[in-house]
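Fold and geometry: a report
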Amino acid sequence: MAEVIGVRFKEVGKVYYFDPNHKQLKQGDTVIVETSRGVECGRVAIPNKEVPDDQIVHPLKKLIRLATKEDKRKLEDNARKEKEALRICEQKVAEHGLEMKLVDVEYTFDNSKILFYFTADGRVDFRALVKDLASVFRTRIELRQIGVRDESKMLGGLGVCGRPFCCSSFLGEFHPVSIKMAKEQGLSLSPTKISGTCGRLMCCLKYEQEAYSDLLKHTPKVGAIVKTPLGRGLVVESNLLTRTLKVKMDNTPADAAPQTFKVNQVRIVKDGYIKVNKKEIEELRQLEDQ
């Protein structure tokens, strides 16, 4: 076990562990730490706690100090510089005629590097642009191509639910989301209903997937042959949340309405499976994580 603190460098960013260096910190404290990018300023998201060694990337870097008033002024100054750097870079991109869209600019705390984040449909040869920017800012320049999910996280906005994007309001990291999740949850596979503003599958499909997966283990699927109190039949509809089934009975006329049973009233003779239309899945593949 090791004592750590969790630090975020962006408002809704990934939490990184650091050695508290024998200091007791509380959530919200602004701290200066050493990272792989150099000295950075962040906020404590997780106060002092002990975690197993296998959850830590060694060697664990130490806290340098609590941020001073001068450090906080430097952060404000960097924020002003970032706005100006974005304007200059947009102008340079236009001059070089590059097919790329600038999303964000970030100065490292010690000003040793400026990172420009952009999106583009394909690969972009930005070597001439980097040289041009380096001659203007007189520091190291790094251009990073990001995906549409990262762009949405940085820019923010409102989702189809009317609330701020999950990724920009509380999700520290993206989790894989697949078409299979939508299928197992019985959702429409219409792209307009299961994709977010970013054009990828909605992050919220992941939230209840564990519960649906557990329910699917104990619930007969559509197409299953089951034994009921009224005889044997075929499951034609399954509602995971209400735990009810509609069963077409073998001993009733073909045009008879199916009978409704609770899951605990039936016994599976042969389970069904979730049918996947391969052509449909291929058409929707672009909505999955890239």
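Structure shown above.
We now turn to the structure provided with this report. Source: prediction; values computed, not measured.

**Here's the deal with the overall build of the chain**
Helix and strand content of the chain: eight helices and 13 strands. For 290 residues, the compact-globule estimate of 2.2 N^0.38 gives 19 Å, and the chain exceeds it by more than 25% at 27 Å. Dimensions of the chain along its principal axes, counting C-alpha atoms only, are 85 × 50 × 30 Å. Per-residue burial over the chain gives 36% buried out of 290 residues. In the chain, the share of contacts with a sequence separation of at least 24, taken over all contacts with a separation of at least 6, comes to 57%. Total accessible area on the chain stands at roughly 17,800 Å², and carbon and sulfur atoms take up 51% of it. Charged side chains of the chain number 50 positive and 41 negative; the gap between the two group centres comes to 3 Å.

**Quick look at the packing of helix 1 (residues 69-96) against helix 2 (residues 127-137)**
Following both chains from N to C, one finds helix 1 and helix 2 inclined at 140°, their axes separated by 10 Å at the closest point. Classified by the angle their axes make, helix 1 and helix 2 are oblique. Seen from above, helix 1 lies across helix 2 with right-handed handedness. Between helix 1 and helix 2, the contacting residues are Ala-85, Ile-88, Cys-89, Lys-92, Val-93, Glu-95 and His-96 on the first element and Ala-128, Leu-129, Asp-132, Leu-133, Val-136 and Phe-137 on the second. Here the residues of the contact of helix 1 with helix 2 sort into nine nonpolar, one polar and three charged.

**Quick look at the nonpolar core**
For soluble globular proteins, nonpolar side chains are generally found buried alongside one another. Met-100, Phe-116, Leu-133, Phe-137 and Leu-143 are the most contacted members of the largest nonpolar core, which has 18 residues in total. Looking at this core, the elements with two or more residues in it are helix 1, strand 6 (101-107), strand 7 (113-119), helix 2 and strand 8 (140-145). Met-100 has contacts with Val-93, Phe-118, Thr-119, Ala-120, Val-124, Leu-129 and Leu-143, leaving out every residue within four places of it along the chain. One finds Val-177, Ile-179, Met-181 and Ile-194 within the second-largest nonpolar core, a separate group that totals 10 residues.

**Some thoughts on the packing of aromatic side chains**
Two measures describe an aromatic ring pair: the distance that separates the ring centres and the angle between the ring planes. Applying the stated rule across the entire model yields five aromatic pairs. Relative to Phe-137, the ring of Phe-116 lies with its centre 6.2 Å away and its plane at 45°, an arrangement referred to as tilted. Taken together, the residues span a long stretch of sequence, with Phe-116 in strand 7 and Phe-137 in helix 2 at a distance of 21 residues. There is no split in this pair, since Phe-116 and Phe-137 are both buried.

**Some words on unusual backbone geometry**
One non-glycine residue with positive phi stands out, namely Asn-21, at about 55°. Mapped onto the secondary structure, Asn-21 falls in the loop between strand 2 (16-18) and strand 3 (30-35). Under the relative-accessibility criterion, Asn-21 is labelled partly exposed at 24%. Of note, the phi angle at Asn-111 is positive, near 65°, even though the residue is not glycine. Within the secondary structure layout, Asn-111 lies in the loop between strand 6 and strand 7.

**A look at the pattern of salt bridges**
Overall, the coordinates contain 15 salt bridges when judged by the stated rule. Between Lys-10 and Glu-106 there is a salt bridge whose closest N-O contact spans 3.2 Å. A residue pair is termed long-range when its members are at least 10 positions apart, and Lys-10 in the loop between strand 1 (2-8) and strand 2 and Glu-106 in strand 6 qualify at 96 residues. Of the residues examined, Lys-10 reaches a relative accessible area of 40% and is grouped as partly exposed. On the basis of relative accessible area, Glu-106 is assigned to the buried category, the value being 12%. The salt bridge partner of Lys-180 is Glu-184, with a shortest N-O separation of 3.8 Å. You can see Lys-180 and its partner Glu-184 sitting in helix 5 (residues 179-184), four residues apart, about one turn around the helix. In this structure Lys-180 comes out as exposed when scored by relative accessible area, which is 57%. Taken together, the salt bridges that share partners define one network made up of Asp-77, Arg-80 and Lys-81.

**Thoughts on helix 2**
Every buried residue belonging to helix 2 is among Leu-129, Asp-132, Leu-133 and Phe-137, and all of these are buried. End-on, the buried residues of helix 2 take up no more than an arc of 120°, which puts them together on one face. Of the residues in helix 2, the exposed ones pointing more than 90 degrees away from the buried face are Arg-127 and Lys-131. Looking at the buried side of helix 2, the elements it contacts are helix 1, strand 6, strand 7 and strand 8. The first or second residue beyond helix 2 is Arg-138, which carries a positive phi of 55°.

Definitions and cut-offs
- Residues numbered from 1 in each chain as written.
- Predicted model: local features only at pLDDT ≥ 70, side-chain atom pairs only at ≥ 80, totals over all residues.
- Heavy atoms only, no water.
- Helix = DSSP H or I, 4+ residues; strand = E, 2+ residues; numbered from the N terminus.
- Rg over C-alpha atoms; globule rule 2.2 N^0.38 Å.
- Buried < 20%, exposed > 50% of the residue type's maximum accessible area, 1.4 Å probe, protein only.
- Contact = heavy atoms within 4.5 Å.
- Areas by Shrake-Rupley, 256 points an atom, 1.4 Å probe, with all protein chains shown as cover.
- Lys, Arg positive; Asp, Glu negative; His and termini not counted.
- Charge placed at Lys NZ, Arg CZ, Asp CG, Glu CD.
- Axes fitted to C-alpha atoms, helices over the stretch in contact; angles between N-to-C directions.
- Parallel < 35°, antiparallel > 145°, perpendicular 65-115°, else oblique.
- Left-handed = near helix turned anticlockwise from the far one by under 90°.
- Nonpolar A, V, L, I, M, F, W, Y, C, P; charged D, E, K, R; others polar.
- Core = buried A, V, L, I, M, F, W, Y, C linked by side-chain atoms within 4.5 Å.
- Phe/Tyr/Trp six-rings, centres within 6.5 Å; stacked < 30°, edge-to-face > 60°.
- Salt bridge = Lys/Arg side-chain N within 4 Å of Asp/Glu carboxyl O.
- Arc of directions from axis to C-beta.

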